[in-house]
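Given next are the chains, with one letter for each unit.
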Amino acid sequence: MIHIPWKEKYSINFKAIDVQHKELLSILNLVIDILSGNKKEAEMESVLRRLADYAMIHFSYEEKFMKETNYPNVNEHRKQHAFFVKKVLYFNENYDSGSPQFLKEMLDFLKEWFVQHIQNSDQDYAPYLKDSP
């Protein structure tokens, strides 16, 4: 499997959030490496911890800016974040090192989230943010 590269179309033009989105892409690419055999599956527990940490830090950071800028769809966006957290908890609780299907399910979810959420939902609030120099 091939890594998913960062593309400018993913950027919301807010440096701190773009850096965090790149971190999610890095985690996604680690899952690709594990599925491809380029990384040991033993690293999956570390990946799952990183994913949980990412969700806590990134979503609270992003939602803070949405609230401060009076983004009108903040409640819907929070629901999407809650869904992501629920899936991450599911992945953490149900991880089975002997199941390539589990890793594929996780990879598919992360890919879809990355493309759909960042390119749609996050782009929707981008005009409400102003990047600092």
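Counting of residues starts from 1 at the beginning of each chain's written sequence and follows it residue by residue. Local features in a predicted model are, by the rule used here, given only for residues with pLDDT of at least 70; side-chain atom pairs are given and counted only at 80 or more, and totals for whole chains, interfaces and linings are based on all residues. Heavy atoms from the whole structure form the basis of all side-chain values; hydrogens and water molecules are not counted.

Just to be clear on terms, a salt bridge is a Lys or Arg side-chain nitrogen sitting within 4 Å of an Asp or Glu carboxyl oxygen. The full count for this structure, using the stated rule, is 4 salt bridges. For E105, the salt bridge identified is with K87, shortest N-O distance 3.8 Å. You can see E105 sitting in helix 4 (residues 100-125) and its partner K87 sitting in helix 3 (residues 74-94), a full 18 residues away along the chain. Under the relative-accessibility criterion, E105 is labelled partly exposed at 29%. The numbering of helices and of strands both runs from the N terminus, where a helix is a DSSP run of H or I of at least 4 residues and a strand a run of E of at least 2. Partly exposed describes any residue whose relative accessible area lies between the buried limit of under 20% and the exposed limit of over 50%, with all areas from a 1.4 Å probe on protein chains only and scaled to the type maximum.

Moving on to unusual backbone geometry. At N13, a position not held by glycine, the phi torsion is positive, near 60°. By the secondary structure assignment, N13 is in the segment before helix 1 (15-36). Of note in this structure, N70 is not a glycine but carries a positive phi near 60°. Along the chain, N70 turns up in the loop between helix 2 (44-68) and helix 3. What makes N70 exposed here is its relative accessible area of 62%.

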